[in-house]
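# Summary of the model geometry
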Amino acid sequence: MILAAATILSLALRGSACVGDHLHARDVHPQEYMGMTQYPRVPLTPPYRPLIWGDLNVIHTTDTHGWLLGHQKSSWAEPYYSGDLGDFSSFVTHMKRIAIEKDVDLLLIDSGDLHDGTGLSDGYPPGGINAHESNKFVERLPYDLMTIGNHELYVYADTYDMYTNFVPHLAGRYLTSNVNITVFGSDGRSESVPVGNRYTKFTTRKGRRITSLGVIFNFTGNDVNTTVQTVHDMVNEQWFVEAIAEEPDAFVLIGHMAVSYDSWPTVFNAVRAVHPLTPILIFGGHSHIRDCQQYDGRSMALESGRYMETIGWMSANLDAAKNTHDNITFTRRYLDQNRVTYEYHTHTSKHTFDTARGRSISHGLQELATRFDLSYLYGTAPRDYTMMQDPYPSNGSLLSLWIEQAVPYALAINNTRSSIPNIIIVNSWSLRFDLFKGPFTKNDQLTIMPYQDSFSYIANVPFGVASLVLPALNNPTAIKQKRDETEDEILNRETDDTWVSALLEEIDGTGADRQEAMSDKQTFGYVTRDSCPDADHADDTLHTALPFYTTPYNIGSNPPNVTADTPIDLVFLDFNGKGMISMLNRLQKDKNYTMHDVLSYSPTLTDEILGLYAQAKWN
């Protein structure tokens, strides 16, 4: 047994701290920039040893967020994640064949968050539904088990689309143990029902009896007419007690919940209280990192990164430990998601790897990218701008580009207050991904900033007071208080989990302190140290760790050159209004600010900013 783990949030505290169609832009050939590549365009380092197979084996994905065409930029380490969903489909087909040849079981599992992340999911035309089209390609993969993520729950229409159109394809294997949706009959009466199945029991090809559940963390940012039950309450439900009463050969628990510092111990301990020796395999998600935990010697919990960068692998030798108290031999591996990896492990070549289904999926995704006009070009970025591979502030920092150049430029367009000095403050975690040198397209814009947040302001704030707001917000005590007060906003709002994963990586020892001299960029990639045995050898391909720099929780524009008593506009994202009011009233006593002082600053939304800036500055 293990004690309940701390939340991701508290761990992070201990460690540190479709737009564009209206713009003047030009089309480019979609295959040139969206990249339907049949083979990596640059040499890639292959894996350095074969996978270890057991009696029961699992291929795991999570937090794919629409990255079904893979990573198509040439900046390192992007090429290591350049496989697309068609390539992955071919890989799974070959691996299923190998499993039959070895006479062992192989499952394919996903832990949620198919929505929100690239143009394939987010670039739909007006009237469309997020990921409705891209999920049609996910349906073509032979998943044995899938579960729901928080990004499936922000918008009722998205959840209902999953319930109506996607879930039926899983034939009872899409699991939502603690998530319901309210549906309405023809008579208008409402009924709250599970989005998928609460649990499932099935028998593998080799006759192993499996019991599975699908759990999401204690999420509170879900839309109306959806319900998320707490994990604690779920394990006390009668249906849960009945579901786990019969002992299977193994429990395979999946969920959109980090395997470290979240509520998996609650589920694990509930099962262990009834079945102290039954093998338990856990597959988590949400925090976007490569991670592994062993809660006891007869269990393993795996988390397999994000954005189709990582394919997780777990194997277990169940037969050798059957009817004993011995520890089970598990292995795990984090595979870079590319064709070189796939061909190495399937003993194929570029001439024999592709399957007909895989090619069909790749072609269909490319056609969807063309239909959504994802290659629409706003400009050409002169260099890479990264979130954490360059220090902030610096010329290579995406945060610097965003807050010092792009946001001030875009908000000044057709703004009657543009001549009034201002300070603009935003949360650094609102950006989702790096911006790379070369064509900046509609797909890039949706990938980096998909959120449609507006800007508000408070007028006539003395510069001497306004200039204190950003340092106060980034004060460790203030950050802790803010996070404690708004944990739901931070963990549940429709944002990226980059700040969480970055801080976890720093705490875990994979940050800048582990960097060595790096002269060969082609070796850049993930360097993982997890919490399972042989912790430094879980990555499938050997890499040099990318540079890593911590970033402040809040970032601000360059302050105006004015005197302390000059009245200026304090500008911020609309959802931060109450926090700004509270901070201003703490910093001064001359005026009592209220929400009546918060006004709309500009009609420009966050998802328009980079396109506007690129169109003006990068052409």
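Residues numbered from 1 in each chain as written. Predicted model: local features only at pLDDT ≥ 70, side-chain atom pairs only at ≥ 80, totals over all residues. Heavy atoms only, no water.

Strand pairing within a sheet occurs via backbone hydrogen bonds; the two strands may be parallel or antiparallel. Spatially, β4-β3-β2-β1-β14-β15 is the arrangement adopted by the six strands of the open sheet, whose pairing is mixed. Across the chains shown, the open sheet's two edge strands, defined by having one partner strand only, are β4 (174-175) and β15 (329-336). Of the strand pairs in this sheet, strand β14 (residues 310-317) and β15 are connected by eight bridges, and their pairing is antiparallel. Counted as the bridge partner of A316 is F330 from β15. (Pairing = 2+ DSSP bridges. Helix = DSSP H or I, 4+ residues; strand = E, 2+ residues; numbered from the N terminus.)

Let's shift gears to the packing of aromatic side chains. The final tally for this structure, using the stated rule, is 28 aromatic pairs. On the basis of an interplanar angle of 50 degrees and a centroid distance of 5.9 Å, the ring pair of Y81 and Y526 is categorised as tilted. Of this pair, Y81 sits in the loop between β1 (56-61) and α3 (85-102) while Y526 is found in the loop between β20 (524-525) and β21 (544-545), placing the two residues 445 residues apart along the sequence. Accessibility expressed as a relative area gives 3% for Y81, which makes it buried. Put simply, the rings of Y376, Y378, Y385, Y409, F440, Y613 and W618 touch in pairs and so form one group of aromatic residues. (Phe/Tyr/Trp six-rings, centres within 6.5 Å; stacked < 30°, edge-to-face > 60°. Buried < 20%, exposed > 50% of the residue type's maximum accessible area, 1.4 Å probe, protein only.)

Buried together is how nonpolar side chains tend to be arranged in soluble globular proteins. In this structure, L85 and F88 are the most contacted members of the largest nonpolar core, which totals 79 residues. For this core, the leading source of residues is α3, giving seven residues. Every residue in contact with F88, bar those within four places of it in the chain, is listed here: I59, T61, L108, L141, Y143, M308, I311 and Y342. Of all hydrophobic cores here, the second largest spans 36 residues; its members include Y385, M449, Y451 and Y457. (Core = buried A, V, L, I, M, F, W, Y, C linked by side-chain atoms within 4.5 Å. Contact = heavy atoms within 4.5 Å.)

With that settled, consider unusual backbone geometry. Here W76 and A77 are connected by a cis peptide whose omega angle stands at 10 degrees. Structurally, the position occupied by A77 is in the loop between β1 and α3. Here the bond from Y392 into P393 is cis, since omega is -5 degrees, no more than 30 degrees from zero. Among the structural elements, P393 can be located in the loop between β16 (377-381) and α12 (398-412). Look at H288: it is not a glycine, yet its phi comes out positive at around 65 degrees.

Here the focus is the pairing of strand β7 (residues 199-203). Of the two faces of β7, the one lined by T200 and F202 is fully buried and the one lined by Y199, K201 and T203 carries no buried residue. Across five bridges, β7 lies against strand β8 (residues 209-216) in antiparallel orientation. Each bridged residue has a counterpart across the sheet, and for T200 the counterpart in β8 is S212. In this antiparallel pair of consecutive strands, β7 and β8, the connection spans five residues, and G207 shows a positive phi of 90 degrees.

Here we take up α3. With 18 residues, α3 extends 25 Å between its outermost C-alpha atoms, agreeing within 8% with the 26 Å of an ideal straight helix rising 1.5 Å per residue. Within the sequence span of α3, burial applies to L85, G86, D87, F88, S89, S90, F91, V92, H94, M95, I98 and A99. Where α3 begins, the side chain of D84 points an oxygen toward the backbone nitrogen of G86, at a separation of 2.9 Å. Of the residues one or two after α3, D103 is the one with positive phi, at around 60 degrees. (Expected span 1.5 Å × (residues − 1). Polar contact = N/O pair within 3.5 Å; in protein donor to acceptor, adjacent residues only side chain to side chain.)

Further remarks concern empty space enclosed by the protein. Looking at the largest cavity, its volume works out to about 270 Å³. Lining the largest cavity are 23 residues; nearest its centre among them are W67, K73, N443, D444 and T447. Secondary structure elements with two or more residues in the lining of the largest cavity: β18 (438-441) and α13 (442-448). Take the lining of the largest cavity: its biggest share by element is four residues, from α13. (1 Å grid on protein atoms, 1.4 Å probe; cavity = no way out; pocket = protein on both sides within 12 Å on 5 of 7 lines; lining within 4 Å. Points joined across faces, edges and corners; volume = space filled by probe spheres on them.)

Looking now at helix α18 (residues 577-587). All buried positions along α18 are accounted for by G577, M580, I581, M583, L584 and N585. Packed against the buried residues of α18 are β17 (422-427), β19 (455-462), α14 (463-473), β23 (567-573) and β24 (598-602).

Here S602 is to be found in strand β24. Relative accessible area serves as the criterion here: at 3%, S602 is assigned to the buried category. Each C-alpha atom, one on S602 and one on Y457, is 9.2 Å from the other, the two residues being 145 residues apart in sequence. Setting aside residues up to four positions removed in sequence, S602 forms contacts with L411, N415 and F455. In this structure the side chain of S602 is engaged in a polar contact, spanning 3.0 Å, whose partner is the backbone nitrogen of T604.

This paragraph deals with the pattern of salt bridges. Tallied over the full model, the rule gives 25 salt bridges. Between D319 and R208 there is a salt bridge, with the nearest N and O atoms lying 3.2 Å from each other. Here D319 is found in the loop between β14 and β15, whereas its partner R208 is found in the loop between β7 and β8, with 111 residues between them in sequence. Take D319: its relative accessible area is 45%, and that puts it in the partly exposed class. By relative accessible area, which is 10% here, R208 ends up buried. One salt-bridge network, held together by shared partners, links D87, R339, E343, D354 and R359. (Salt bridge = Lys/Arg side-chain N within 4 Å of Asp/Glu carboxyl O.)

Along the polypeptide, D390 turns up in the loop between β16 and α12. Of note is the side chain of D390, whose polar atom sits 2.6 Å from the side chain of T386. Discounting chain neighbours no more than four positions away, the residues touching D390 are R383, G396, S397 and Y549.

It is worth spelling out the sheet that holds β24 at this point. Within the open sheet, the five strands sit side by side as β22-β17-β23-β19-β24. Their pairing is mixed. Both outer strands of the open sheet, β22 (554-556) and β24, are each paired with one neighbouring strand and no more. This sheet shows a mean twist of 35 degrees between the axes of neighbouring strands, independent of strand direction. Pairing between β17 and β23: four bridges, direction parallel. Residue N422 lies in a different strand from β23, and its bridge partner there is D569. (Axes fitted to C-alpha atoms, helices over the stretch in contact; angles between N-to-C directions.)

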